[in-house]
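Now for the letters of each chain:
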Amino acid sequence: MSIIGERITIPGVYNNQRLVDWIEDNKITYHPQLSINKSKLGGIGLFFNNDVKEELEKEEDLIILTIPESCTFDYMNLLEVLKEIKIRDQTFPDIEIKEGELIVNLLEIIEPTKETEILICYFVSMKILKEIQNVNSIYYKQSPLRKFDIYLDILLNTKILTYPKIDKNDKVLESIINMDSFIKNHIQRCQYLKFDYDSYVGELNVLYDHDINFEEYIIPFETYYQIVQAVRSRSLEIPHEHQEIIEQVQAIEKDVSQLNEQSELNGNVTLEDLVNGLHVDDKEESSNNGEAVESSADDYYTNVTLVPILDFANHTHHNNSYFDIDRSNKDIVLKLKREALNKWKQTNEKRFEITINYSPIESIQNFITTYGFIPIEKDPQDKYFQLYELQLINSNKYYPHITEMFKWLRILPQIQIVFNQDEVYFNFNDNKLPIVFAKGISYNSEWRKDAIPKFKLFNDIPIDYDIDDDKILRILNQQETEFDVINGIEPIGIKYQGKIIEDVNEVFEKVNDDKEVYDQLILNSIEFIIYHVNDKLKVLKENIDTLVQSQYDRDSNDSFNQMMINYFNLQIKIFNIAISKFKKDPHSLILPDELVNHEWETNYRSLPKELILD
């Protein structure tokens, strides 16, 4: 029986048998009851037929899919492929544009700093090479890259969050976006991606003066954006033992050092440089399913990895399956929980969908950014908590100069909202926002008088050092107007009990020592947050119908616009609950101690936009 269900069309797979053959060629094995079918959760999913013969008395979870480590795509595996390509390129001296050279050039141009970006570089390179090469040549037909073709087609047809098409004359949309920093920042990130793309294409045109129109025919922006978003949405974090990375690097360094004696790459960059340069410390946000690793975190690290077939599995919070590593051979396995199998065996359903947990903590904005959708369970009985971060913008309308005070105190004006179907809480743990309401704290509008000597003293700048005083003021003014926090100087923009603050922590400690005082500051903060909630809710309610109507007037494939509608409707629901609770008892909005989760504090709060000073 084929793993692909009858009459199923997988986006990007133009011949189902070709995918079946590819699975077999790559030695991917699966349980005979596993299948790929259309999902009610959206798109394609993995399913398990309710006809398994295993004894129900068994306790261990059932392995239903095994993907060899060799056919997964992470930056170390792809570096091995690059090494193989460079060796092969030496046997084709007459090829004008060689595969290895183009891949390395693109890595140089993009300069990836994250593992996901490295994967993007490779698959963008593969798409370019597929477009510019002679498909009838031996060089093309026998290339190691041919094994990636079917997966590249899947990436090119993966449903993604479309590029934001914002009509600058749409005043309704503009008013909503201006009140939502997340949507505004998302649009800006997409625009930056376009700026980066234009730069990359420009450099490719300089490197390859062969009358190749990269932008129009080879890798148009729409294609580049598709690959970027598809790689981000399909990647998983796969655990590996620390010793593996040491052995991998040592083996590759040995091979490339021999190869580099024979061949130098473009711009004097060697493969050994790439090995050293791609030891990425800047890890992506974790999407670990929370069940895949049984050992201590000290025993393993995770690689951002594309895992074919496994990445057809959809997300639910209450997942019935999870992925793991077979330590004996490094294969990736998908396991069906025995309790889930036993449960479904007792039903009359023909089959059920296999689901994994992309992230055990569902942070709404993070899910939109990474996966392009809002995780909402269908079952109204589910009471697990999700996270939503409300940015408190335009705050000066409520309290004069409070925005500047936040910056000098290095406090981000945001509150993490913890919510489920019925409840909404404000998470004040590890959030110093209440301090700004402490009695005696005020904004020092005359901070510029002392700024230059204070800046020099704070940064140990010698008196006789030649530095432009006007430049110092420009730096500080720029931080106060354009950034979230102010670096490089004491918090001279704040006064406490009439005196300029030298150490913010002293104020924090004084306020925290008096529980009664701090409790009142929490209530002041809640009232401040509700001001924002009321204003934003008013704008949303006034304009959501117009926004929904615009969706009907747009291309039905505009998933970004549909996402915004879903996102804004979710906010309306959250805000309505918050306001109702505030009217009855403001204390009820404080997150109870028993619900506090340390990971919420460390991994799911925005980082400040700040100017880093040398």
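Just so it is clear, the model here is predicted, and its values are computed rather than measured. (Residues numbered from 1 in each chain as written. Predicted model: local features only at pLDDT ≥ 70, side-chain atom pairs only at ≥ 80, totals over all residues. Heavy atoms only, no water.)

Asker: Can you explain the pairing of strand S14 (residues 424-427)? Please cite residues and give values.
Answerer: Burial along S14 is two-sided: Val424 and Phe426 facing one way and Tyr425 and Asn427 facing the other are all buried. Pairing between strand S13 (residues 414-419) and S14: 4 bridges, direction antiparallel. Bridge assignment links Val418 to a residue of S14, and that residue is Tyr425. Here S13 folds back onto S14, and the loop between the two strands holds 4 residues. (Buried < 20%, exposed > 50% of the residue type's maximum accessible area, 1.4 Å probe, protein only. Helix = DSSP H or I, 4+ residues; strand = E, 2+ residues; numbered from the N terminus. Pairing = 2+ DSSP bridges.)

Asker: Could you give an account of the packing of aromatic side chains, with specific residues and numbers?
Answerer: Enumeration over the complete set of coordinates arrives at 33 aromatic pairs. Residues Phe73 and Tyr151 carry aromatic rings whose centres are separated by 5.1 Å and whose planes lie at 55 degrees to one another, so their mutual orientation is tilted. Highlighted residues: Phe73 in the loop between strand S4 (62-67) and helix H2 (75-89) and Tyr151 in helix H6 (residues 149-156), separated in sequence by 78 residues. With respect to class, Phe73 is no different from Tyr151; both count as buried. Taking the centre distance of 5.0 Å and the plane angle of 50 degrees together, the rings of Phe367 and Tyr371 count as tilted. With a gap of 4 residues between them, Phe367 and Tyr371 both fall in helix H14 (residues 364-371), about one helical turn apart. Note on accessibility: Phe367 and Tyr371 belong to one class, buried. Pairwise contacts between aromatic rings join Tyr163, Tyr197, Tyr200, Phe221, Tyr224 and Tyr225 into one cluster. Sitting over the face of the ring of Phe221, Lys194 holds its NZ or CZ atom 5.6 Å from the ring centroid. (Phe/Tyr/Trp six-rings, centres within 6.5 Å; stacked < 30°, edge-to-face > 60°. Lys NZ or Arg CZ within 6 Å of the ring centre and 35° of its normal.)

Asker: Tell me about the sheet that holds strand S1 (residues 29-30), residues and numbers included.
Answerer: An order of S1-S4-S9-S8 is seen for the 4 strands of this open sheet, with the pairing classed as antiparallel. The strands lining the two open edges of the sheet, one partner per strand, are S1 and strand S8 (321-326). The pairing of S4 with strand S9 (residues 331-336) spans 5 bridges and is antiparallel. The residue bridging Ile67 from the neighbouring strand is Ile332, located in S9.

Asker: Hey, could you go over the sheet that holds strand S15 (residues 441-443) for me, with residue numbers and the actual values?
Answerer: Judged by pairing direction, the sheet is antiparallel, and its 3 strands sit side by side in the order S15-S16-S17 without closing on themselves. The open sheet terminates on both sides in strands that have one partner only, identified here as S15 and strand S17 (499-500). Two strands pair when backbone bridges link them, and strand S16 (residues 494-496) and S17 are joined in this way by 2 bridges, in the antiparallel orientation. When the sheet's bridge partners are listed, Tyr496 is paired in S17 with Lys499.

Asker: Would you mind going over the packing of helix H16 (residues 448-458) against helix H17 (residues 469-482) in detail, with residue names and values included?
Answerer: Taken N-terminus to C-terminus, the directions of H16 and H17 make an angle of 110 degrees; their axes are 10 Å apart at the nearest point. When the interaxial angle is binned, H16 and H17 end up roughly perpendicular. Residues Arg448, Ala451, Ile452, Phe455 and Lys456 of H16 form the contact with H17, whose own contacting residues are Asp469, Ile472, Leu473, Leu476, Asn477 and Glu480. The class makeup of the residues in the contact of H16 with H17 is 6 nonpolar, 1 polar and 4 charged. (Axes fitted to C-alpha atoms, helices over the stretch in contact; angles between N-to-C directions. Parallel < 35°, antiparallel > 145°, perpendicular 65-115°, else oblique. Contact = heavy atoms within 4.5 Å. Nonpolar A, V, L, I, M, F, W, Y, C, P; charged D, E, K, R; others polar.)

Asker: So, empty space enclosed by the protein: which residues are in play, and what are the values?
Answerer: Under the counting rule described, the total for this entry stands at 3 cavities of 30 Å³ or more. Counted as a void, the largest cavity has a volume near 60 Å³. Lining the largest cavity are Leu106, Ile110, Val124, Ile128, Tyr197, Tyr200, Val201, Leu204, Ile219 and Tyr224. Counting only elements with at least two residues in the lining of the largest cavity, the list comes to helix H3 (99-110), helix H4 (115-132) and helix H8 (181-207). Here the lining of the largest cavity gets 4 residues from one element, more than from any other, and that element is H8. Tallied by class, the residues present in the lining of the largest cavity amount to 10 nonpolar, no polar and no charged. Within this model, the second largest cavity holds a volume of roughly 50 Å³. (1 Å grid on protein atoms, 1.4 Å probe; cavity = no way out; pocket = protein on both sides within 12 Å on 5 of 7 lines; lining within 4 Å. Points joined across faces, edges and corners; volume = space filled by probe spheres on them.)

Asker: Which residues make up the layout of surface pockets, and what are the values?
Answerer: Approximately 1200 Å³ is the volume found for the second largest pocket. If you trace the second largest pocket, you find 39 residues lining it, with Leu41, Gly42, Lys159, Asn314 and Phe373 closest to the centre. Elements with a contribution of two residues or more to the lining of the second largest pocket: helix H10 (221-234), strand S7 (314-315) and helix H20 (559-584). In terms of residue count, the dominant contributor to the lining of the second largest pocket is H20 (4 residues). Each residue belonging to the lining of the second largest pocket can be placed in one class, and the counts come to 18 nonpolar, 14 polar and 7 charged.

Asker: Talk me through the nonpolar core; I want residue IDs and the actual numbers.
Answerer: Counting residues in each nonpolar core, the largest one holds 77 residues, and the members touching the most others are Ile183, Leu390, Val424, Phe426, Tyr567 and Phe568. The dominant element in this core, judged by the number of residues it contributes, is helix H19 (residues 515-553), at 14 residues. In contact with Leu390, not counting residues within four places along its chain, are Pro413, Gln414, Ile415, Ile417, Ile529, Val533, Lys536 and Phe575. (Core = buried A, V, L, I, M, F, W, Y, C linked by side-chain atoms within 4.5 Å.)

Asker: Run through a negative patch on the surface, naming residues and quoting values.
Answerer: Negative charge collects at one region of the surface, where Glu502, Asp503, Glu506, Glu509, Asp513, Asp514 and Glu516 lie side by side. Top contributing element to the negative patch by residue count: helix H18 (residues 504-513), with 3 residues. Here Glu516 is to be found in helix H19. (Patch = residues over 30% accessible without salt bridge, like charges linked within 9 Å, V, L, I, M, F, W, Y side chains within 5 Å. Areas by Shrake-Rupley, 256 points an atom, 1.4 Å probe, with all protein chains shown as cover. Salt bridge = Lys/Arg side-chain N within 4 Å of Asp/Glu carboxyl O. Lys, Arg positive; Asp, Glu negative; His and termini not counted. Charge placed at Lys NZ, Arg CZ, Asp CG, Glu CD.)

Asker: Hey, could you go over H17 for me, with residue numbers and the actual values?
Answerer: Here H17 spans 20 Å end to end across 14 residues, near enough to the 20 Å set by a 1.5 Å rise per residue. For H17, the secondary structure elements touched by its buried residues are helix H15 (402-408), S15 and H16. For H17, the N-terminal capping position is held by Asp468, with its side-chain oxygen 2.9 Å away from the main-chain nitrogen of Asp470. (Expected span 1.5 Å × (residues − 1). Polar contact = N/O pair within 3.5 Å; in protein donor to acceptor, adjacent residues only side chain to side chain.)

Asker: Lay out the confidence of the model for the protein chain with the relevant residues and their values.
Answerer: Per-residue confidence for the protein chain averages 87 on the pLDDT scale, and 88% of its residues sit at or above 70. Ranking the helices and strands of the protein chain by mean pLDDT puts S14 first, with 98, and helix H12 (residues 271-277) last, with 50. Low pLDDT, under 50, characterises residues 278-290; the stretch is placed with 47 contacts to residues that sit more than four places away or in other chains. In the predicted structure, residues 292-297 sits below a pLDDT of 50 and forms 9 contacts with residues beyond four places in sequence or in another chain. (pLDDT = per-residue confidence, 0-100.)

Asker: Outline the pattern of salt bridges, supporting the account with residue identities and numerical values.
Answerer: Working definition: two side chains of opposite charge can pair if their charged atoms are close together. Inspection of the entire model under this criterion finds 20 salt bridges. Of the charged contacts, one joins Arg234 and Asp311 as a salt bridge, the two residues approaching to 3.0 Å between their closest N and O atoms. Here Asp311 lies in the loop between strand S6 (300-305) and S7 and Arg234 lies in helix H10, a separation of 77 residues in the sequence. Taken individually, Arg234 and Asp311 each receive the classification buried, so the pair is uniform in this respect. Ionic contacts of the salt-bridge type, sharing partners, join the residues Arg18, Lys130 and Asp153 into one network.

Asker: Give a description of unusual backbone geometry that names residues and reports values.
Answerer: Positive phi outside glycine occurs at Asn394, with the angle close to 55 degrees. In this structure, Asn394 sits in the loop between strand S12 (386-391) and H15.

Asker: Report on the environment of Thr369, specifying residues and quantitative values.
Answerer: Considering the arrangement of structural elements, one finds Thr369 in helix H14. A relative accessible area of 29% means that Thr369 is categorised as partly exposed. Along the sequence, Thr369 and Phe182 sit 187 residues apart, while their C-alpha atoms lie 9.6 Å from each other. Non-local contacts of Thr369, meaning those with residues more than four positions away in its chain, are made with Phe182 and Arg189.

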